[in-house]
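What follows is the residue order along each chain.
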Amino acid sequence: MDKGEHLRVPVLVASSYGVIENEDDVVLTCYTNEKFPHWFLNDMNLNLTNQMRMSMDGRRLTINPVRREDAGVYKCEVWNPIMWVEISLLTFWSPPTTAQLTILSTYCAEKQDVMLHIQNRPLGAVAYVWYKGKGVDKNNVIAFFIMTSSFRLSGPENNEGEMTNNDGSLVLRKVTMKDAGIYTVVAHIPDSKKEIGFGQLDVYEHLSKPILLVSRYGVRENEDNVLLTCYTNRKSPQWLLNGRDLKLTDRMRMSMDGRRLTINPVRREDAGVYKCKVSNPIMSAGSQGLQLYVYYE
């Protein structure tokens, strides 16, 4: 039997040892003079998925994008009839074993200050970078906070609207509707590790008091009609009659935007105090009451 060539220990190297799920890719290279090494994940034969690509000689594995199921211990192995050699790679990315880093979603009114709090901050984080939108894009960086044993740095310096607290939370000053949306924070941990979290900020416009007008204040039963108009920049205001939600009858017609109510013809049960009201999750504003009189014999 032929003696096999002496095998050298292969070296397995990753292009990055800290990657973000669904955002980054990674290349694993098995440095060996043998073609088609065997690949293992967690001591089992590696089954290629649709986001994995293997080079023609079997020495380079590309995963794009990385997902949490790709975490684990990778090995590449070379062998011949008389010997085999393997090398291990420590996990290059792993899902958190503790609670996931997140941004506490919140809401506020326009022109208010608001703080986006970080939940489940990872131990040992030395920096936090904030992005507007979902995902990591250097063009969308809005703030950062770096802390070491010798100094603390936050920025950008020229951004007066945003700042970071000592715990890495983001403070937004005098928010506008443009500030609403998804935010991303990346926590940087020593040894090139990262964790990423997301959160939602809802911003609601300040509500002005609506004005309720009527085409006529006194009408005759079964002869006249009446038009009530709620002047507001909000669609679908709430209508009230004598302090209760207005129930539309077959003689009532509401406009598509909910701001105009037509009653044709008017009857005695339509008499009373009308109001319209607008609201959002943080405030409400109602019109002055308007008395409609119905005359009948």
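Structural notes, computed from the coordinates. (Residues numbered from 1 in each chain as written. Predicted model: local features only at pLDDT ≥ 70, side-chain atom pairs only at ≥ 80, totals over all residues. Heavy atoms only, no water.)

This part takes up the overall build of the protein chain. The helix and strand tally for the protein chain stands at zero helices and 29 strands. For the protein chain, the residues scored as buried account for 39% of the 297 residues in total. Across the protein chain, contacts joining residues at least 24 apart in sequence account for 55% of those joining residues at least 6 apart. Of the roughly 17,900 Å² of accessible surface on the protein chain, a fraction of 49% belongs to carbon and sulfur atoms. (Helix = DSSP H or I, 4+ residues; strand = E, 2+ residues; numbered from the N terminus. Buried < 20%, exposed > 50% of the residue type's maximum accessible area, 1.4 Å probe, protein only. Contact = heavy atoms within 4.5 Å. Areas by Shrake-Rupley, 256 points an atom, 1.4 Å probe, with all protein chains shown as cover.)

For the rest of this paragraph, the subject is the sheet that holds strand S22 (residues 226–231). Taken in spatial order, the four strands make up an open sheet running S20-S22-S26-S25, and their pairing is antiparallel. With partners counted over all chains shown, the strands left at the sheet margins are strand S20 (211–214) and strand S25 (252–254), one partner each. Looking at each pair of strands side by side, their axes are set apart by 15° on average, direction ignored. Two strands pair when backbone bridges link them, and S22 and strand S26 (residues 260–263) are joined in this way by four bridges, in the antiparallel orientation. Bridge pairing links Thr229 to Arg260 in S26. (Pairing = 2+ DSSP bridges. Axes fitted to C-alpha atoms, helices over the stretch in contact; angles between N-to-C directions.)

Counting residues in hydrophobic clusters, the biggest one holds 20 residues, and the most contacted among them are Leu116, Trp130, Leu170, Leu172, Tyr183 and Leu201. In this structure, Val214, Cys230, Leu241 and Leu261 belong to the second largest nonpolar core, which totals 18 residues. (Core = buried A, V, L, I, M, F, W, Y, C linked by side-chain atoms within 4.5 Å.)

Taken together, the four strands give an open sheet; going across it, the order is S1-S2-S6-S5, and neighbouring strands pair in antiparallel fashion. On the outer flanks of this sheet lie strand S1 (11–14) and strand S5 (52–54), each paired with one strand and no other. Sheet twist, expressed as the average angle between the axes of neighbouring strands with direction ignored, equals 15°. Where S5 and strand S6 (residues 60–63) come together, three bridges link them in antiparallel fashion. Within S6, the position partnered with Met52 by the bridge is Ile63.

With the rule as written, the count across this model stands at one aromatic pair. A ring pair is formed by Tyr107 and Tyr204, whose centres lie 6.2 Å apart and whose planes are at 75°; its orientation type is edge-to-face. Taken together, the residues span a long stretch of sequence, with Tyr107 in strand S10 (residues 106–109) and Tyr204 in strand S19 (residues 193–204) at a distance of 97 residues. For the cation-ring pair, Lys134 lies above Phe198, with the distance from its terminal atom to the ring centre recorded as 5.2 Å. (Phe/Tyr/Trp six-rings, centres within 6.5 Å; stacked < 30°, edge-to-face > 60°. Lys NZ or Arg CZ within 6 Å of the ring centre and 35° of its normal.)

This part covers the pairing of S22. Here four bridges tie S20 to S22, and the two strands are oriented antiparallel to one another. The residue bridging Leu212 from the neighbouring strand is Cys230, located in S22.

Taken together, the side chains of Val11, Val13 and Tyr31 make up a nonpolar region of the molecular surface, amounting to roughly 270 Å² of accessible area. Summarising the element assignment, Val13 is placed in strand S1. Overall, the relative accessible area of 32% leaves Val13 in the partly exposed class. (Patch = residues over 30% accessible without salt bridge, like charges linked within 9 Å, V, L, I, M, F, W, Y side chains within 5 Å. Salt bridge = Lys/Arg side-chain N within 4 Å of Asp/Glu carboxyl O.)

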